[in-house]
Amino acid sequence: MDVDLGAGDSTRRKVGLTGSAEGTMDVIPMEMYDSARAKIAANLRWLFAKAYGIDHIPEDLRDPFYTDQYDQEHIKPPVIRLLLSCELYCRVCALILKTEQAASLQSHHSVIQSLDRKGIYVVESDDTAVTEEDLAGVPIKMVSRTPERVVHEARANVCTP
């Protein structure tokens, strides 16, 4: 396996992978690994893949983060706008429900109610219900937006990232 230093950032290294479609992947040393960022990135990728299809995620959503002039990482404004709107959640919920009811999804509240009627509950880690205010409020609460917060009696595979 060949290891080259990544351009500009000594903490990330490009690793050549035989047979990989892209050919390389970023490897981050364990002491530099940010599990919270990785969890947010994985959850956003899951949401985008469900909403648009794995091969049709818009280019500007494929990497949801940017680094500012102070070297701080943030979620891109277009991603924030999508998370605050109900568009992504309506798309994913429509795929999960697969009924005529899916056409009436137009708000966070209608998504939460439709899932609830199907026995799929959207909850925080302490089992409190996620509300429309949680999903539409600024600043955004990323914990309310993770797929693992969706609880189904049978743990349906549509809810796993």
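From a predicted model like this one, the values you see are computed outputs, not experimental measurements.

## Side note on the overall build of the chain
When its secondary structure is counted, the chain shows 6 helices and 7 strands. In sequence order, the secondary structure elements of the chain are arranged as β-β-β-α-α-β-β-α-α-α-β-α-β. Burial statistics for the chain: of 161 residues in total, 34% are counted as buried. Here the analysis covers contacts within the chain between residues at least 6 apart in sequence; of these, 40% occur between residues at least 24 apart. A total of about 10,300 Å² of accessible surface is found on the chain, and carbon and sulfur atoms cover 53% of it.

## Details of the packing of aromatic side chains
As enumerated under the stated definition, the model contains 0 aromatic pairs in all. Directly above the ring of phenylalanine 65 sits arginine 37, whose terminal nitrogen or CZ lies 4.2 Å from the centroid.

## Quick word on the pattern of salt bridges
Applying the stated criterion across every chain yields a total of 3 salt bridges. Of the charged contacts in the structure, one is a salt bridge between arginine 62 and glutamate 59, with a shortest N-O distance of 2.8 Å. Residue arginine 62 and its partner glutamate 59 are located together in helix H2 (residues 59-62), separated by 3 residues, close to a single helical turn. Given the relative accessible area of 43%, arginine 62 is considered partly exposed. Looking at glutamate 59, the relative accessible area reads 60%, which means it is exposed.

## Here's the deal with the confidence of the model for the chain
Taken as a whole, the chain shows an average pLDDT of 75; of its residues, 71% reach a score of 70 or greater. Across the chain, the element-wise mean pLDDT spans from 35 in strand E1 (residues 3-5) up to 92 in strand E4 (residues 65-67). With pLDDT under 50 throughout, residues 1-20 is counted as low confidence; its partners more than four residues away or in other chains account for 37 contacts.

## A closer look at the packing of helix H1 (residues 35-52) against helix H4 (residues 87-97)
Packing of H1 against H4 brings their axes to within 8 Å, and their N-to-C directions diverge by 65°. In this structure, H1 meets H4 at a crossing whose hand is left-handed. Within the contact between the two elements, H1 uses Trp46, Leu47, Phe48, Lys50, Ala51 and Tyr52 and H4 uses Glu87, Leu88, Tyr89, Arg91, Val92 and Leu95. When its residues are assigned to classes, the contact of H1 with H4 shows 9 nonpolar, no polar and 3 charged.

## Considerations on helix H3 (residues 77-84)
Turning to H3, its buried residues number three or more, namely Val79, Leu82 and Leu83. Burial along H3 is one-sided: seen end-on, the buried residues are contained in an arc of 100°. Buried residues along H3 sit in contact with H1, H2, strand E5 (73-75), H4, helix H5 (108-117) and helix H6 (132-136).

The rules behind each value
Every chain is numbered independently, its residues counted from 1 as its sequence is written. Given that this is a predicted model, residues contribute local features only at a pLDDT of at least 70 and side-chain atom pairs are listed and counted only at 80 or more, while totals for whole chains, interfaces and linings are drawn from all residues. Based on all heavy atoms of the structure, the side-chain values leave hydrogens and waters out of the count. Helix numbers and strand numbers start at the N terminus; a helix is a DSSP run of H or I with at least 4 residues, a strand a run of E with at least 2. Partly exposed describes any residue whose relative accessible area lies between the buried limit of under 20% and the exposed limit of over 50%, with all areas from a 1.4 Å probe on protein chains only and scaled to the type maximum. Every residue pair with non-hydrogen atoms within 4.5 Å of one another is taken to be in contact. The accessible surface values rely on the Shrake-Rupley method and a 1.4 Å probe; as for residues, cover is taken only from the protein chains in view. Centres within 6.5 Å are what make two rings of Phe, Tyr or Trp a pair, Trp counting through its six-membered ring; a difference in plane orientation under 30 degrees is then read as stacked, over 60 as edge-to-face, and the rest as tilted. By definition, being over a ring means that NZ of Lys or CZ of Arg is both within 6 Å of the ring centre and within 35 degrees of the ring normal. Whenever Lys or Arg places a side-chain nitrogen within 4 Å of a carboxyl oxygen from Asp or Glu, that contact is recorded as a salt bridge. A score between 0 and 100, pLDDT records how confident the predictor is in each residue. Only the contacting stretch of a helix is used when fitting its axis, a line to C-alpha atoms as for every element, and angles between N-to-C directions run 0 to 180 degrees. Two helices cross in a left-handed way if the nearer one is turned anticlockwise from the farther one by less than a right angle. They cross in a right-handed way if the turn is clockwise. Side-chain classes follow a simple rule in which Ala, Val, Leu, Ile, Met, Phe, Trp, Tyr, Cys and Pro form the nonpolar group, Asp, Glu, Lys and Arg form the charged group, and the remainder, Gly included, forms the polar group. By arc we mean the arc of the directions from the helix axis to the C-beta atoms, nothing more.

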